[in-house]
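# A structural walkthrough
Chain by chain, the residues:
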Amino acid sequence: MTGVTSHKVNVLHRYRGIESTLIVVLAVLIALAPGTPAHAGIDEWTSNGPFGGNISELAIDPQNSDNLYAGTNGFGVFRSADGGRSWESVSQGRLAVTSVTALAVDSQNPSTLFAGFGGAVYRSRNRGELWTQVTQGLPGLVDCQALAVHPRDSQVIFAATRPDGLAGGGGIYRSLDGGDTWSLAGLEGANVQSVTIDPQRPTTIYLGTTFFPYKSTDGGETWTRMPDGLDRSSVLDVVIDPADSDTLYAATTGGVFLSTDGGENWTARNQGLPAGTVGTALVVHPRDPNVLLLGTNQDGAFLTTDRGAEWTPFVEGFIRDNINALAVVDGEQPIFYAGTFVGGVFQRTLADDAWSAFAQGMHNTFVRDLEIDPDNPSTLYTATSTGAFKSTDYGASWSSINTGLAEPLPGIQSLAIAPSSPETLYAATLDGIYQTTDGGSQWNPAGDALAEAGVRVVVVDPVEASTLYASTETGLFKSNDRAASWMPLDSGIEGLEVHGVTIDPTDPATVYLLTSDGYFKSTDGGLSWTSITEGLGPGPLGSLTIDPQNPSTLYVGSSIGGVFRSTDAGDHWDLFSRLPTVQFVSSFVVDPRSSSTLYAGTADGVFRSTDGGEEWRPVADGPLHKRVSALVIDPQQPTTLYAGTSGGGVFDIQLIGGTTTLELLGGRFLVEVDWRDFVNLMDRGTVAIADADTGSDVALLSRDSTVVSFFEPDNWEMLAKVLDGREINGHFWVFLAAATDVELTTTVTDTSCGNVVTYQSALGTPSRAVTDIEAFPECAEPQPASCEATDTTICLGDGRFQLDFAWRDFAGATGEGSQVLLPRSGLAQSDDSGLFEFFDQGNWEMLVKVLDGCSINGHFWVFAAAATNVEYTLRVIDTETGAVQGYFNPLGQAAPALTDTNAFACP
């Protein structure tokens, strides 16, 4: 706690003359100026969806079914504390690997979980908050495919692995010390794909391998290959009937098989399944062993109510039909969860009509294209592997817009907006081209000439909206009637695959193609083509970008981590700059206001050059190090950049260097500084920037303070602050200090009340500090707090944060914590801190605090201390954003102190 104080305490110290010396240069998530996205990070990438993605594994806390875990292919582990309604990443910045291949929860200590990856096994003892690699004794870069924890002995864990040509391995490994060390337990060199421990007889273990299942009846000491009855299918999952341990089901590459004698004999149970069904996952109804759910790799889910004698489709509501994982929660109506290949997590009961998406917060979407409405930049569209999505609030939230597209949903390869009619869009899919004229509310096939042609790219002529180009698996096509009909364009590009199409915005007859044989150019609207690849070098090339201010200047990214430039419309090319990464430059954009500002998207994030490509720096260290597939600049606010990623959704950032309207205290106060020097030059001050250790430009801006530059970005002139002193004297305070003697006019506006205060300093006079502690009175009718305190609810942080508490004791009794009402009226209630009592009034059990750490690390902090060892769940809700944090303590464990300094991002 040393040095950690709330914003309120800082204000009090300043009022008493104990001025803090800490100047923080971390950016926080607040808006910059009217018309810009209010959610985007200032010099910090922010992801807000679309939600979903490739789910590889599911695991459920056996003691609290609201606690769910999902492993993903590409974005680590996600956790839900509310039964899947919302998710948060518990591996971001904590795990060196991201593709999860196995996941298991310790049933005896459910705060402990294990995650297997393509190159390691990790363990967390606090529900994913911290991870430790535990691979001692495992071979090389172990390829772990399944994990299982002994249901009665947490020290015993099994890891199923497959052989790797370089790292060795393969077989079943066992740990007898909770994962600290491992040793081979059998089947050396085998491709072991699943491991299942009999919960009733835990010394009995089943393994699924390529071609055969194996069984151990002595806790993994010895293994016996079960008789062949599975048609030599690869066994992907084995489940045990909860009512009869001798009854087994196997999901295999040959469908489903049943054994009623502990695996001695097997019979196929594929009636009703499509031919060639590959069973990827199985679950049994917890209380009705007649009911099973099967996940498949391309046909969705199937249900049986007669132990597999007959299967029926159970797919309504799925976005796509690739199921990777299944889980079930017992209850009056058991809840089934499905982890899908592209749509995230889905939930359904047997009484429901369809599956419902439960992917809120899962930033794991593969973005293929990103488009912004040129007339209304608050509207964005993205093409993903799960269809099309739309945002009308600068990317803060996304909604699926797939009505009318083929089912199951085709992956959208690219999108194009008609420039003269932004409500008209075209979508390129493997089933052909679709058109919408109402912003995505309804899609319709755009003619039938390219139906099922495997369309990769579609673009619209920037001048004539009726003209389109489309590349397919069989060549390039052009339409002059809004996609109603198409004609082939193959003169000069016969037999080549077309991967990209770019049209000159000033001369639409000039078109550039990226093909399997390099770049081609047409100056007659595609009737003829000429190769312009000479000088571009070997290896794959990225999409071509045209400088909007100088259309004869072209840029092409390459696989060698460099950027090629042509200043004569492609006649000559030069490798004019290399990025500080050898990753493929997949996307490239030019600032529409300044041709010297360039952005490059790579597999290692986004890089920026402000000097025409001479020097490159990472933009806020890249969007979580994800492969960038698309880049877009807001045409009206070019300091806002959007990045589509392969596996992380859409990220945005506001690069505020040069911003002249400064917003403080969550955007309530606007500060503008105008200056005039001795030769009568006049301008407005901008937010100062610092060159951070990463080489990125970072804004000198906190929640209540900022630093202003006048002449040069790194020549810092003024420190400006707006502080909340309402608890002291009922006012907001303004402090200004400028190291200059030029003329200054500083205007501060309270956007809530409409009040404006101006401060002036004369030319030639050293600027005097402003310490106005009565600058702005509070509004006569301030907005009420979103949180309403009750007997069981505590409101903190001016009513922004709502806290509630649930407990369970050793006798199984449950209840809610009650807010402690202080016994003497002379004791003031605190805005930062609160107390819960559990059993008896006056028996105080938990101290909770929500502190404002925005000026320290850009987050609100949650602290708690409980003098108890009962099971409890503390829930904290940010009522402004809807974000929820849950904190769990298991029964019998002395509650540890909670110090979460990254609980909620600041606005």
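Note that the structure is predicted; figures quoted are calculated from it, not measured.

### Some remarks on the overall build of the chain
What the chain contains, in helices and strands, is 3 helices and 79 strands. Expressed as a percentage of the 907 residues in the chain, the buried residues total 57%. When contacts within the chain are restricted to residue pairs at least 6 apart in sequence, those whose partners lie at least 24 apart make up 48%. Within the structure as shown, the chain displays about 36,000 Å² of accessible surface, and the carbon and sulfur contribution to it stands at 47%.

### Observations concerning the sheet that holds strand S15 (residues 192–197)
Read from one edge to the other, the open sheet built from 4 strands follows the order S15-S16-S17-S18, with strand pairing classed as antiparallel. Of all the strands in the sheet, the pair left with one neighbour each is S15 and strand S18 (224–225). Summarising the sheet, strand S16 (residues 205–209) and strand S17 (residues 213–216) pair through 4 bridges and their orientation is antiparallel. Across the sheet, residue Gly208 finds its bridge partner in S17, namely Pro213.

### Here's the deal with the sheet that holds strand S47 (residues 541–546)
The strand order S47-S48-S49-S50 describes an open sheet built from 4 strands, whose pairing is antiparallel. Each of the sheet's edge strands pairs with one partner strand only, and the pair in question is S47 and strand S50 (574–578). Adjacent strand axes in the sheet meet at a mean angle of 25° when their direction is disregarded. Of the pairings in the sheet, the one linking strand S48 (residues 554–558) to strand S49 (residues 562–566) comprises 4 bridges and is antiparallel in character. If you follow Leu554 over to S49, its bridge partner there is Ser566.

### Comments concerning the pattern of salt bridges
Applying the stated criterion across every chain yields a total of 15 salt bridges. A salt bridge links Glu778 to Arg726; its shortest N-O distance comes to 2.2 Å. A residue pair is termed long-range when its members are at least 10 positions apart, and Glu778 in the loop between strand S69 (770–777) and strand S70 (794–796) and Arg726 in helix H2 (residues 726–729) qualify at 52 residues. Given a relative accessible area of 23%, Glu778 falls into the partly exposed group. Looking at Arg726, the relative accessible area reads 29%, which means it is partly exposed. Taken together, the shared-partner salt bridges in this structure form one network comprising Arg79, Glu88 and Glu129.

### Observations regarding the side chain of Thr602
Relative to the helices and strands, Thr602 resides in strand S52 (residues 598–602). With relative accessibility at 0%, the residue Thr602 sits in the buried group. One polar contact links the side chain of Thr602 to the main-chain amide nitrogen of Asp604, over a distance of 2.8 Å.

### Points about the packing of aromatic side chains
According to the stated counting rule, one finds 13 aromatic pairs in the structure shown. On the numbers, 5.5 Å between centres and 85° between planes, the contact of Phe117 with Tyr122 is edge-to-face. According to the relative accessible area criterion, Phe117 is buried, its value standing at 0%. Relative accessible area serves as the criterion here: at 7%, Tyr122 is assigned to the buried category.

### Concerning the nonpolar core
One finds Leu803, Phe836, Met846, Leu874 and Val876 to be the most contacted residues of the largest nonpolar core, which totals 26 residues. Elements supplying a minimum of two residues to this core: S70, strand S71 (801–808), strand S75 (844–853), strand S76 (859–866), strand S77 (871–878) and strand S79 (898–905). Membership of the second largest hydrophobic core comes to 23 residues, among which are Val708, Leu736, Leu744 and Val748.

### Comments concerning the environment of Val156
Positionally, Val156 belongs in the loop between strand S11 (143–149) and strand S12 (157–162). Placed 26 residues apart in sequence, Val156 and Trp182 show a C-alpha to C-alpha distance of 10.0 Å. Leaving out residues up to four positions away in the same chain, Val156 has contacts with Ala148, Val149, His150, Arg174, Ser175 and Leu176.

### Overview of the environment of Glu264
Structurally, the position occupied by Glu264 is in the loop between strand S21 (255–259) and strand S22 (267–268). What makes Glu264 partly exposed here is its relative accessible area of 42%. With 37 residues separating them along the chain, Glu264 and Pro227 place their C-alpha atoms 5.9 Å apart. Apart from residues lying up to four places away in sequence, Glu264 is in contact with Pro227 and Ser259.

### A short note on the pairing of strand S43 (residues 498–503)
With 5 of its 6 residues buried, S43 lies for the most part within the structure. Sheet analysis places S43 next to strand S44 (residues 511–515), joined by 5 bridges and oriented antiparallel. Bridge pairing in S44 places Gly500 opposite Leu514.

### Points about unusual backbone geometry
For residues other than glycine, phi is negative in most cases, and the peptide bonds are mostly trans. The backbone phi angle of Arg232 is positive, close to 55°, even though this residue is not glycine. On the secondary structure map, Arg232 appears in the loop between S18 and strand S19 (235–241). One non-glycine residue, Arg307, adopts positive backbone phi at about 60°. Within the element layout of this structure, Arg307 appears in the loop between strand S25 (301–304) and strand S26 (312–313).

### Brief notes about the confidence of the model for the chain
It should be kept in mind that the predicted coordinates are not to be read in detail where pLDDT is low. On average, residues of the chain score 82 in pLDDT, and 87% of them reach the 70 mark or higher. In the model, residues 1–39 has pLDDT below 50 throughout and makes 103 contacts with residues more than four positions away in sequence or in other chains. A low-confidence stretch, residues 692–696 (pLDDT under 50), is modelled with 9 contacts involving residues beyond four sequence positions or located in other chains.

### A short note on the environment of Asp878
Relative to the elements of secondary structure, Asp878 occurs in strand S77. Judged by relative accessible area, which is 0%, Asp878 ranks as buried. Not counting chain neighbours up to four residues away, the residues in contact with Asp878 comprise Arg800, Phe801, Ala883 and Phe904. In this structure the side chain of Asp878 is engaged in a polar contact, spanning 2.8 Å, whose partner is the side chain of Arg800.

Here is what the cut-offs are and how they apply
- Every residue gets a number counted from 1 within its own chain, in the order that chain's sequence is written.
- Totals for whole chains, interfaces and linings use all residues, but because this is a predicted model, local features are given only for residues with pLDDT of at least 70 and pairs of side-chain atoms are given and counted only at 80 or more.
- Hydrogens and water molecules were not included; the side-chain quantities draw on all heavy atoms of the structure.
- Put simply, DSSP marks the helices as runs of H or I at least four residues long and the strands as runs of E at least two long, and each gets a number from the N terminus on.
- Burial status follows relative accessibility: with a 1.4 Å probe on protein chains alone, a residue under 20% of its type maximum counts as buried, one over 50% as exposed, and anything between as partly exposed.
- For this analysis, residues touch if any pair of their heavy atoms sits within 4.5 Å.
- All accessible areas in this document rest on Shrake-Rupley with a 1.4 Å probe, and a residue is counted as covered only by the protein chains that are shown.
- Pairs of strands are assigned from DSSP output, requiring at least two bridges between the strands.
- In this analysis, axes come from line fits to C-alpha atoms, helices being fitted only over the stretch in contact, and the angle between any two N-to-C directions falls in the range 0 to 180 degrees.
- A side-chain nitrogen of Lys or Arg and a carboxyl oxygen of Asp or Glu constitute a salt bridge if their distance falls within 4 Å.
- Within 3.5 Å is the distance limit for a polar contact, defined as a pair of N or O atoms, with the added protein rule that one can donate a hydrogen and the other accept it, and that residues adjacent in sequence qualify only through two side-chain atoms.
- By convention, a stacked pair of Phe, Tyr or Trp rings (six-membered ring in the case of Trp) has centres within 6.5 Å and planes under 30 degrees apart, an edge-to-face pair has planes over 60 apart, and any other such pair is tilted.
- Among the buried residues, those of types Ala, Val, Leu, Ile, Met, Phe, Trp, Tyr and Cys that are joined through side-chain atoms within 4.5 Å form a nonpolar core.
- By definition, pLDDT measures how confident the predictor is in each residue, and it falls between 0 and 100.

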